[in-house]
Amino acid sequence: MHSSPKDIEQLLQRAHHIAGWQLGEIAAELGIAAPHDLRHHKGWVGQLLEHWLGASAGSRPEPDFPHLGVELKTVPIDANYKPIESTYISVCPLTGLRGLRWQDSAVCHKLSHVLWIPVQGDKSIPVAQRHVGMPLLWQPTADEQQQLQRDWEELIEQVALGKVESITAHQGELLQLRPKAANRKALTEAIGPDGCKINTLPRGFYLRTSFTKLLFQRNFS
DNA sequence: TGTTGATCATGC
DNA sequence: GCATGATCAACA
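A short tour of the structure in this document, coming up.

The rules we used
Residues numbered from 1 in each chain as written. Chains lettered and ligands numbered in written order. Predicted model: local features only at pLDDT ≥ 70, side-chain atom pairs only at ≥ 80, totals over all residues. Heavy atoms only, no water. Near = heavy atom within 4 Å. Polar contact = N/O pair within 3.5 Å; in protein donor to acceptor, adjacent residues only side chain to side chain. Helix = DSSP H or I, 4+ residues; strand = E, 2+ residues; numbered from the N terminus. Nonpolar A, V, L, I, M, F, W, Y, C, P; charged D, E, K, R; others polar. Buried < 20%, exposed > 50% of the residue type's maximum accessible area, 1.4 Å probe, protein only. Lys, Arg positive; Asp, Glu negative; His and termini not counted. Salt bridge = Lys/Arg side-chain N within 4 Å of Asp/Glu carboxyl O. Contact = heavy atoms within 4.5 Å. Phe/Tyr/Trp six-rings, centres within 6.5 Å; stacked < 30°, edge-to-face > 60°. Lys NZ or Arg CZ within 6 Å of the ring centre and 35° of its normal. Pairing = 2+ DSSP bridges. Axes fitted to C-alpha atoms, helices over the stretch in contact; angles between N-to-C directions.

A few words on the protein's contact with DNA strand C. The immediate surroundings of DNA strand C are formed by 26 residues, with Arg39, Asp64, Thr74, Lys110 and Lys180 found nearest. Within 4 Å of the protein, the contacting atoms of DNA strand C are drawn from sugar and phosphate to the extent of 67%. A distance of 2.6 Å separates a phosphate oxygen of DNA strand C from a polar side-chain atom of aspartate 64. Separating a phosphate oxygen of DNA strand C from a side-chain N or O atom of lysine 110 is a distance of 2.6 Å. The set of elements that each furnish at least two residues to the surface near DNA strand C consists of helix H3 (44-53), strand E1 (71-77) and strand E2 (87-91). Residue contributions to the surface near DNA strand C peak at 4 residues, all from E1. Among the residues forming the surface near DNA strand C, the class breakdown is 7 nonpolar, 7 polar and 12 charged.

Below you can see the structure in the form of structure tokens.
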């Protein structure tokens, strides 16, 4: 399966097909090797499943399945099916924020329709032997949508007011804003406290682990 | 032991 | 550097 799925049904079918498989089996089907650990291959699992499911390659700011409007997210889980990491959503724009509305934001678009695929994340299990879980096609409820919008607006407002460097990951109920960079030296332009331009670490929006935990609890138990 | 801030790989 | 895919690892 490398071609783009023709509809959501086919996408779900492919996802269900590999539920219960080990990552090494999928890798073998695709003719690629599994790394021994993810320390130097942090995005490997996500990219493996992208390939298998036929997601469009590339690093464009688009959904993984543009024609379906569906975003793919793989989530590491523990033995109880609980997510053990936060989920990266998108970069946060740090300039040109005037008039930017939630409805037009990347976060809103990406989270409007998500295919979640849980994968065992216990570091004691060799990567190739980790099992893929049941897929979950999700759309935020009205309540979730509202809370996401509140978080986003609160964070974006502070960025627009030049307070990006005083935002911590403690802020936000569902979303959080955290560094998203190659390292401490990768800087980008932002608005400073006095309204002048400053250089700061690029930031990204993440979904809290506590939220995906609830999400999986609701749907897998 | 859960979270936050930092980091790794890749393509362009 | 930016955007994709994320997980690591130090600290509270």
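Moving on from the model shown.
Here we take up the side chain of aspartate 64. Within the fold, aspartate 64 resides in the loop between H3 and E1. Look at aspartate 64: it is buried, it has no salt bridge, and the nearest opposite charge is lysine 73 at 5.8 Å. Looking at aspartate 64, its side chain comes within polar contact range of the main-chain nitrogen of leucine 72, at 2.7 Å. If sequence neighbours within four positions are ignored, aspartate 64 has contacts with Glu50, Ala55, Ser56, Val70, Glu71 and Leu72.

To describe a pair of aromatic rings, one takes the distance between the centres and the angle between the planes. Following the criterion strictly, the structure yields 8 aromatic pairs and no others. Between tryptophan 138 and phenylalanine 211, the aromatic rings sit 6.0 Å apart at their centres with planes inclined by 65 degrees, giving edge-to-face as the arrangement. Residue tryptophan 138 is found in strand E4 (residues 136-138), and its partner phenylalanine 211 is found in helix H6 (residues 209-220); the two are separated by 73 residues along the sequence. Accessibility expressed as a relative area gives 7% for phenylalanine 211, which makes it buried. Here the aromatic residues Tyr81, Trp116, Trp138, Phe211, Phe216 and Phe220 are joined through ring pairs into a cluster of three or more. For the cation-ring pair, arginine 178 lies above tyrosine 206, with the distance from its terminal atom to the ring centre recorded as 4.0 Å. Sitting over the face of the ring of tyrosine 88, lysine 180 holds its NZ or CZ atom 4.4 Å from the ring centroid.

Phi is positive for tyrosine 81, which is not a glycine, with a value near 70 degrees. Along the chain, tyrosine 81 falls in the loop between E1 and E2. Look at tyrosine 81 and you get partly exposed, because its relative accessible area is 28%.

Of the two faces of strand E7 (residues 197-200), the one lined by Ile198 and Thr200 is fully buried and the one lined by Lys197 and Asn199 carries no buried residue. Bridge analysis of strand E6 (residues 188-191) against E7 gives 4 bridges, and the strand direction is antiparallel. Its bridge partner lying in E7, threonine 188 is registered against threonine 200. The hairpin formed by E6 and E7 contains 5 residues between the paired strands, and glycine 195 there has a positive phi angle of roughly 90 degrees.

Turning to the protein's contact with DNA strand B, a few remarks are in order. Lining the immediate surroundings of DNA strand B are 18 residues, of which His40, Lys42, Ala169, Ala181 and Arg184 lie closest. Among atoms of DNA strand B positioned within 4 Å of the protein, sugar and phosphate together represent 57%. Note that a base oxygen of DNA strand B is positioned 2.5 Å from one of the side-chain N or O atoms of lysine 42. Separating a phosphate oxygen of DNA strand B from a backbone N or O atom of alanine 169 is a distance of 2.7 Å. Top element by residues in the surface near DNA strand B is strand E5 (residues 175-179). It accounts for 3 residues. Across the surface near DNA strand B, the residue classes tally to 6 nonpolar, 6 polar and 6 charged.

Pairing in this open sheet of 3 strands is mixed, and the strands run E1-E3-E4 from one edge to the other. In the strand order of this sheet, the two ends are held by E1 and E4, each with one partner. Going from strand to strand, the sheet's axes swing by 30 degrees on average, the running direction of each strand aside.

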